[in-house]
Amino acid sequence: MKDLQFDEATHTYTLAGRVIPSVTQILKQVVDFSMVAPDILERKCAIGSALHMAIALDQADDLDYDSLDASVLPYFEAWRKFVADMGSKLWIMASERPMASATYQYGVTPDIWGSVNGERAVIELKSTAAIHPSVALQTAAQAHAITEGEWWPGDVDGPPRRFALQLQPSGKYRLQEFTAKGDFGVFIALRSVWGWRASHKLGDWNQ
């Protein structure tokens, strides 16, 4: 999408000259981490960011394995185990590519998309202790943006399957599929609420 600009430092999406909210911003309306101690949240965020970078570099065959921090290594090994277990059933088209929905005016950077068992699939990577219900909405928003932008590989058809891949500190993983047809509708409702709050400058709408 040539009209899209993404500022990685501020995580800001600009589409056709207009700043649009990210999926993360929109979902903050239903995600509350206030009960988590700030130091723990900061550490988990750092691990998650480093893990995502390691996986992206691994996909690009540009990873220096020996440079992985000890705190990240077991999660990365869980990723490698997932890839090995899936074998030819998993085909990754791309990862960490910023995109947007021009129709609904939001930006998103899906973790991984391609195909699973020959079917379109989007996979959200998580290193959290549990999968929050909002991830179902997150993957629905990702799947729509990929579909709208015609990013799917040409040799697979059908509605995209949506997964969360929970990478665990034990080196194991858990794959969870989301199948509720109403997930995208709920996300769009939240997008509307976010837009209303932004127009009235209410609360933390701009964070």
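1. Details of the overall build of the protein chain
Line of reasoning, step 1. Each helix and strand counted, the protein chain has five helices and 10 strands in total.
Line of reasoning, step 2. Since a compact globule built from 207 residues should have a radius of gyration of about 17 Å, the 17 Å found for the protein chain is in line with a globular shape.
Line of reasoning, step 3. With respect to the three principal axes, the spread of C-alpha positions in the protein chain is 50 × 45 × 30 Å.
Line of reasoning, step 4. Taking all 207 residues of the protein chain together, the buried fraction comes to 41%.
Line of reasoning, step 5. Counted over contacts in the protein chain with a minimum sequence separation of 6, partners at least 24 positions apart contribute 60%.

2. Description of the packing of helix 4 (residues 134–148) against helix 5 (residues 183–200)
Line of reasoning, step 1. As a packed pair, helix 4 and helix 5 sit with axes 8 Å apart at the nearest point and diverge in direction by 90 degrees. Relative to helix 5, the element helix 4 is oriented roughly perpendicular. Mapping the contact onto sequence places A136, L137, A140, A141 and H144 in helix 4 and D183, F184, V186, F187 and L190 in helix 5.
Line of reasoning, step 2. Broken down by class, the residue content of the contact of helix 4 with helix 5 amounts to eight nonpolar, one polar and one charged.

3. As for the side chain of R120
Line of reasoning, step 1. Tracing the backbone through its elements, the reader meets R120 in strand 8 (residues 119–126).
Line of reasoning, step 2. Ignoring sequence-local partners within four residues, the contact set of R120 consists of G114, S115, W152, V156, D157, G158, P159, P160 and R161.

4. Details of the pattern of salt bridges
Line of reasoning, step 1. Within this structure, the stated rule accounts for six salt bridges.
Line of reasoning, step 2. For the salt bridge of D58 with R80, the shortest nitrogen-to-oxygen distance reads 2.9 Å. Of this pair, D58 sits in helix 2 (residues 38–59) while R80 is found in helix 3 (residues 73–86), placing the two residues 22 residues apart along the sequence.
Line of reasoning, step 3. Residues joined in a network through salt bridges with shared partners are E119, R161 and E177.

5. Some thoughts on the layout of surface pockets
Line of reasoning, step 1. In this structure, the largest pocket spans a volume of roughly 1700 Å³.
Line of reasoning, step 2. What lines the largest pocket is a set of 41 residues, and nearest its centre among them are T24, H52, E124, K126 and Q138.
Line of reasoning, step 3. The biggest single contributor to the lining of the largest pocket is helix 2, with nine residues.
Line of reasoning, step 4. Here the residues of the lining of the largest pocket are counted per class, giving 18 nonpolar, 15 polar and eight charged.

6. Focus: the nonpolar core
Line of reasoning, step 1. The biggest cluster of nonpolar side chains holds 22 residues, and the ones touching the most others in it are V23, Y106, W113 and F187.
Line of reasoning, step 2. Contributing elements (two or more residues each) for this core: helix 1 (23–27), strand 6 (106–108), helix 4 and helix 5.
Line of reasoning, step 3. If we ignore the near neighbours within four places in the chain, the residues touching F187 are V23, I26, L27, Y106, L137 and A141.

7. Regarding helix 4
Line of reasoning, step 1. In this model, helix 4 (15 residues) spans 21 Å end to end at C-alpha, consistent with the 21 Å of a helix rising 1.5 Å per residue.
Line of reasoning, step 2. When you tally the buried positions in helix 4, you get 12 out of 15 residues, the bulk of the element.
Line of reasoning, step 3. Within the span of helix 4, buried status applies to S134, V135, A136, L137, Q138, T139, A140, A141, Q142, A143, A145 and I146.
Line of reasoning, step 4. E150, located one to two residues past helix 4, shows a positive phi value of around 55 degrees.

8. Here we look at helix 3
Line of reasoning, step 1. If you check helix 3, its first and last C-alpha atoms are 20 Å apart, about what 14 residues at 1.5 Å a residue would give, namely 20 Å.
Line of reasoning, step 2. Restricting attention to buried positions, one finds in helix 3 the residues Y75, F76, A78, W79, F82 and M86. Projected onto a plane normal to the axis of helix 3, the buried residues spread over an arc of 150 degrees and lie on a single side.
Line of reasoning, step 3. In the segment just after helix 3, G87 is the residue with positive phi, at about 55 degrees.

9. Section: the packing of aromatic side chains
Line of reasoning, step 1. If you walk through the whole model with that rule in mind, you get eight aromatic pairs.
Line of reasoning, step 2. Among the aromatic residues, those joined into a ring-pair cluster are Y104, Y106, F184 and F187.

Reading the values: the criteria
Residues numbered from 1 in each chain as written. Predicted model: local features only at pLDDT ≥ 70, side-chain atom pairs only at ≥ 80, totals over all residues. Heavy atoms only, no water. Helix = DSSP H or I, 4+ residues; strand = E, 2+ residues; numbered from the N terminus. Rg over C-alpha atoms; globule rule 2.2 N^0.38 Å. Buried < 20%, exposed > 50% of the residue type's maximum accessible area, 1.4 Å probe, protein only. Contact = heavy atoms within 4.5 Å. Axes fitted to C-alpha atoms, helices over the stretch in contact; angles between N-to-C directions. Parallel < 35°, antiparallel > 145°, perpendicular 65-115°, else oblique. Nonpolar A, V, L, I, M, F, W, Y, C, P; charged D, E, K, R; others polar. Salt bridge = Lys/Arg side-chain N within 4 Å of Asp/Glu carboxyl O. 1 Å grid on protein atoms, 1.4 Å probe; cavity = no way out; pocket = protein on both sides within 12 Å on 5 of 7 lines; lining within 4 Å. Points joined across faces, edges and corners; volume = space filled by probe spheres on them. Core = buried A, V, L, I, M, F, W, Y, C linked by side-chain atoms within 4.5 Å. Expected span 1.5 Å × (residues − 1). Arc of directions from axis to C-beta. Phe/Tyr/Trp six-rings, centres within 6.5 Å; stacked < 30°, edge-to-face > 60°.

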